[in-house]
Amino acid sequence: MSAAPQGLLAARPDFAAIARWVSQRARVLDLGCGDGALLKYLWEAREAPGYGVEIDDAEVVACVKNDINVLQLDLESGLSLFRDGSFDTVILSETLQTIHRIEQLMREMLRVGHEAIVSFPNFGHWSARMQVLLGRMPVSEELPYEWYDTPNVHLCTTRDFEDLCRKLGIRIRERVALHHGRQVSILPNLFGSLAVYRCAAV
Amino acid sequence: MNAPHDSSSVGAVVAHKARFDEPIRLRGGAELPGFELAYETYGELNAARTNAVLVCHALNASHHVAGYYADRPEDIGWWDNLVGPGKPLDTRRFFVIGVNNLGGCHGSTGPMSLNPATGKPWGGDFPVVTVEDWVAAQARLADRLGIERFAAVMGGSLGAMQALQWSLAHPERIRHALVIAATAKLSAQNIAFNEVARQAITTDPDFHGGHYYDKGVVPVRGLRIARMIGHITYLSDEAMMGKFGRQLRRAALGFDFDIDFEVESYLRYQGDKFSTYFDANTYLRITKALDYFDPAADYGDDLAAAMARAKAAFLVVSFKSDWRFAPLRSREMVRALLDARKIVSYLEIDAPGGHDAFLMDDARYFGALRAYFGNIEL
């Protein structure tokens with residue numbers, strides 16, 4: 001592996017976990033794709049052609065520069081441009097916490113894709129719990145914002161997320177909790193700071 | 001606007017003419033015995049002939065895309081901010097072609113040309129031309145210039161419809177289509193505005209069924225009203241309000257029918273200017289070409305089915321303040337392209353300029369175009 005993807009993996013530890021669940025040459029839709037780094041990574045690692053959806057102007061231009069197919073759309077208004085089952089995998093990487101209408105988006109992801117991969121910062125991580133216990137809103141590597149300037153509107157724990165999946169009738173096929181890029185197997189809701197889920201419709 | 005001797009200008013340019021003697025059968029059934037196209041080129045065609053970009057014009061523009069004329073330095077090309085050395089469409093890398101469309105009034109064969117059958121100007125007898133006809137004529141020019149395959153065909157508005165049509169009519173001959181501020185078909189409201197413009201022209205007493213050249217008159221009143229209507233649809237309410245507000249042209253309200261407001265003065269000025277350089281017969285035909293364009297019509301209104309044969313990669317751009325061809329129209333094209341499993345990127349730029357935003361240098365928009373062209377391999 002070249003130096004660039006290594007650096008990328010260090011910066012975005014969920015990428016490798018996501019890539020493991022993307023099959024070779026799968027059609028991928030990455031929601032909230034930023035500058036297209038994950039799509040570029042998936043193309044290099046899995047030859048998976050994909051589209052990104054992004055709303056931020058600068059990120060969209062960065063995608064074009066990175067030769068990533070990008071669609072400038074607002075995820076809050078749904079995925080109506082995409083036909084049922086038109087993607088193998090729909091990814092929501094560290095974007096869930098910024099979405100207002102999460103239920104609608106989760107349903108849409110599994111309408112458009114056969115599988116969904118969702119990663120998010122785990123609010124149940126012990127350091128977050130500790131900070132709340134000490135009377136402060138958590139600030140960490142995964143949650144770098146202060147309460148007054150955060151773009152995050154819907155923070156949750158892994159348990160919360162699993163409850164939502166149950167409510168929506170979404171089957172969790174696999175899950176992994178990470179901390180500093182390493183897999184956490186003991187008490188993931190306490191020791192995992194980043195959660196990655198592989199979901200399918202029931 | 002760039003000063004003529006700006007190092008990012010293509011500099012002084014010369015318009016060329018290409019004559020085609022083979023008759024061309026038009027979509028409407030008429031046949032032209034032959035035709036001429038006025039065109040300009042900027043940059044150099046590379047040895048492999050892989051770097052050609054065709055820039056298609058919209059309603060009122062021409063083949064004069066960039067640069068200026070040595071004897072008229074103030075006559076700067078209509079997309080000069082985009083095309084030039086170091087500009088987003090970089091003429092150090094690309095060979096760029098601008099062409100005046102068939103039926104035009106800037107040098108290509110059109111209503112003002114002589115009808116070989118009568119020896120007089122075609123006038124009202126010049127057939128209605130369509131986007132399909134324009135692309136067919138452009139393809140002959142490409143043949144003439146030795147261009148088998150364009151690196152890209154691009155345009156805004158009606159120009160974008162030509163880029164779209166290129167991808168359908170000649171899928172093998174175009175690698176990228178840049179479809180900006182466009183729609184795959186006009187709405188009833190769009191057609192309605194065009195019809196008002198046409199009525200303004202055809203009811204002008206100086207119109208004479210289009211045979212006004214022999215009479216030494218021009219349907220100026222109709223043409224300027226047509227332009228005024230068009231101009232309103234090119235700007236957003238916000239842009240107009242920002243530019244003119246309710247600013248008065250005179251000290252106080254006049255309580256008569258002279259110009260009170262700045263915006264009235266502006267529209268009159270635009271209308272007057274337009275009527276001095278644009279031909280009414282051409283205007284009528286171009287609005288019809290807009291109305292008739294609908295590539296999905298032959299596919300049961302299924303645009304995805306129509307797009308299936310395209311092979312190009314697409315860049316679709318819309319502007320949020322454009323209510324003439326609103327973002328929704330572009331999203332319909334994007335959806336069809338996705339359904340047809342084409343390569344597409346889509347930008348929705350939050351620029352205030354309305355439909356005309358496609359001509360303006362917005363950092364996000366031009367940044368994306370620069371990046372897109374930068375990634376086109378030669």
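For the structure, check the block above.
Owing to the predicted nature of the structure, the values given are computational and were not obtained by experimental measurement. (Residues numbered from 1 in each chain as written. Chains lettered and ligands numbered in written order. Predicted model: local features only at pLDDT ≥ 70, side-chain atom pairs only at ≥ 80, totals over all residues. Heavy atoms only, no water.)

Visitor: Looking at this model, I keep getting lost on the overall build of chain B. Mind explaining?
Guide: Check the secondary structure of chain B and you find 10 helices and 14 strands. What you see for chain B is a C-alpha radius of gyration of 20 Å, in line with the 21 Å of a compact globule of 378 residues. Dimensions of chain B, computed from the C-alpha atoms along their principal axes, are close to 65 × 50 × 50 Å. The proportion of buried residues among the 378 residues of chain B is 56%. For chain B, contacts bridging at least 24 residues in sequence account for 71% of all contacts bridging at least 6. Summing over all exposed atoms, chain B offers an accessible surface of approximately 15200 Å²; the carbon and sulfur share of this is 53%. (Helix = DSSP H or I, 4+ residues; strand = E, 2+ residues; numbered from the N terminus. Rg over C-alpha atoms; globule rule 2.2 N^0.38 Å. Buried < 20%, exposed > 50% of the residue type's maximum accessible area, 1.4 Å probe, protein only. Contact = heavy atoms within 4.5 Å. Areas by Shrake-Rupley, 256 points an atom, 1.4 Å probe, with all protein chains shown as cover.)

Visitor: Sorry if this is basic, but what is going on with a nonpolar patch on the surface here?
Guide: Residue and element names in this part refer to chain A. On the surface, a cluster of nonpolar side chains totalling about 800 Å² of accessible area is made up of W126, M130, L133, L134, I186, L187 and F191. At 3 residues, helix α6 (residues 126-133) tops the list of elements feeding residues into the nonpolar patch. Considering the arrangement of structural elements, one finds F191 in helix α8 (residues 188-191). A residue is classified by how much of its surface remains accessible, and F191, at 35% relative accessible area, is partly exposed. (Patch = residues over 30% accessible without salt bridge, like charges linked within 9 Å, V, L, I, M, F, W, Y side chains within 5 Å. Salt bridge = Lys/Arg side-chain N within 4 Å of Asp/Glu carboxyl O.)

Visitor: Hey, could you run me through the interface of chain B and chain A in this one?
Guide: How big an interface is tends to be reported as the loss of accessible area on association of its parts. Listed per partner, the contact involves 20 residues of chain B and 20 residues of chain A. A combined buried area of about 1800 Å² lies between chain B and chain A, and 54% of that area is made up of carbon and sulfur atoms. Summed over the three residues of chain B that lose the most area to chain A, namely L338(B), R341(B) and N375(B), the buried surface amounts to 27% of that side. Connecting chain B to chain A are 2 salt bridges. When the shortest N-O distance is used, the salt bridge between R364(B) and D57(A) registers 3.2 Å. The tally of links between chain B and chain A comes to 11 residue pairs in polar contact (both at pLDDT 80 or more). Of all the secondary-structure elements, those providing two or more residues to the side of chain B that touches chain A are α9 (327-339), β14 (344-349) and α10 (363-374) of chain B. Take the side of chain B that touches chain A: its biggest share by element is 6 residues, from β14(B). (Buried area = accessible area lost by both parts, 1.4 Å probe. Polar contact = N/O pair within 3.5 Å; in protein donor to acceptor, adjacent residues only side chain to side chain.)

Visitor: How do you make sense of the packing of helix α5 (residues 102-112) of chain A against helix α7 (residues 158-168) of chain A when you look at a structure like this?
Guide: Relative placement of two packed helices is described by the angle separating their axes and the distance separating the axes. All names here are of chain A. Interhelical geometry of α5 versus α7 gives an angle of 65° and a closest axis separation of 11 Å. Seen from above, α5 lies across α7 with right-handed handedness. For the pair α5 and α7, contact is made by I102, E103, M106 and R107 and by F161, L164, C165, K167 and L168, respectively. The class makeup of the residues in the contact of α5 with α7 is 6 nonpolar, no polar and 3 charged. (Axes fitted to C-alpha atoms, helices over the stretch in contact; angles between N-to-C directions. Left-handed = near helix turned anticlockwise from the far one by under 90°. Nonpolar A, V, L, I, M, F, W, Y, C, P; charged D, E, K, R; others polar.)

Visitor: Looking at this structure, how should I read α9(B)?
Guide: Counting along an α-helix, one turn takes 3.6 residues, and residues three or four places apart therefore face a common direction. Residue and element names in this part refer to chain B. The end-to-end C-alpha separation of α9 is 18 Å, in line with the 18 Å expected for 13 residues at 1.5 Å each. The complete set of buried residues in α9 reads P327, S330, M333, V334, A336, L337 and L338. Backbone geometry just after α9 places R341 at a positive phi near 60°. (Expected span 1.5 Å × (residues − 1).)

Visitor: What am I meant to see in empty space enclosed by the protein here?
Guide: Where empty space is left can be seen by rolling a probe of water-molecule size over the atoms. On inspection of all chains with the given rule, the structure shows 2 cavities of 30 Å³ or more. Each pocket or cavity is described by its volume, and for the largest cavity that value is around 50 Å³. Along its surface, the largest cavity is lined by L59(B), F193(B), N194(B), A197(B), A226(B), I229(B), G230(B), T233(B), Y234(B), Y283(B) and R324(B). Going through the elements one at a time, α3 (188-202) and α4 (220-234) of chain B are the ones with two or more residues in the lining of the largest cavity. For the lining of the largest cavity, the leading source of residues is α4(B), giving 5 residues. Taken together, the residues of the lining of the largest cavity break down into 7 nonpolar, 3 polar and 1 charged. Computed from the structure, the second largest cavity encloses a volume of approximately 30 Å³. Taken together, R27(A), F82(A), R83(A), S86(A), F87(A), L338(B) and D339(B) make up the full set of residues lining the second largest cavity. Among the residues forming the lining of the second largest cavity, the class breakdown is 3 nonpolar, 1 polar and 3 charged. (1 Å grid on protein atoms, 1.4 Å probe; cavity = no way out; pocket = protein on both sides within 12 Å on 5 of 7 lines; lining within 4 Å. Points joined across faces, edges and corners; volume = space filled by probe spheres on them.)

Visitor: Explanation requested: the nonpolar core in the structure shown.
Guide: The nonpolar side chains of a soluble globular protein tend to be buried, and buried together. Membership of the largest hydrophobic core comes to 112 residues, with the highest contact counts inside it found for F82(A) and F314(B). Apart from the residues within four sequence positions on either side, F314(B) is in contact with L164(B), S167(B), A177(B), V179(B), M307(B), L337(B), K342(B), I343(B), V344(B), S345(B) and Y372(B). In terms of nonpolar packing, the next biggest core, distinct from the first, is built from 63 residues, A37(A), I117(A), A313(B) and L315(B) among them. (Core = buried A, V, L, I, M, F, W, Y, C linked by side-chain atoms within 4.5 Å.)

Visitor: Would you mind showing me how to read the environment of M112(B) here?
Guide: All names here are of chain B. Here M112 shows up in the loop between β8 (95-99) and β9 (114-115). In the structure, M112 is positioned 100 residues away from A12 in sequence and 27 Å away in space, judged by C-alpha atoms. Ignoring sequence-local partners within four residues, the contact set of M112 consists of C105, P121, Y213 and D279.

Visitor: I would appreciate a short explanation of the pattern of salt bridges in the present structure.
Guide: Oppositely charged side chains may form a pair once their charged atoms are brought near each other. Tallying each qualifying case throughout the model produces 30 salt bridges over all chains. We note a salt bridge from D75(B) to R72(B), for which the minimum N-O separation is 2.8 Å. A salt bridge links R250(B) to D260(B); its shortest N-O distance comes to 3.0 Å. Of this pair, R250(B) sits in the loop between α5 (237-244) and α6 (262-277) while D260(B) is found in the loop between α5 and α6, placing the two residues 10 residues apart along the sequence. You can call R250(B) partly exposed: its relative accessible area is 25%. Overall, D260(B) belongs to the buried group, its relative accessible area being 11%. Overlapping salt bridges, with partners in common, bring together E115(A), R173(A), E174(A) and R198(A) in one network.

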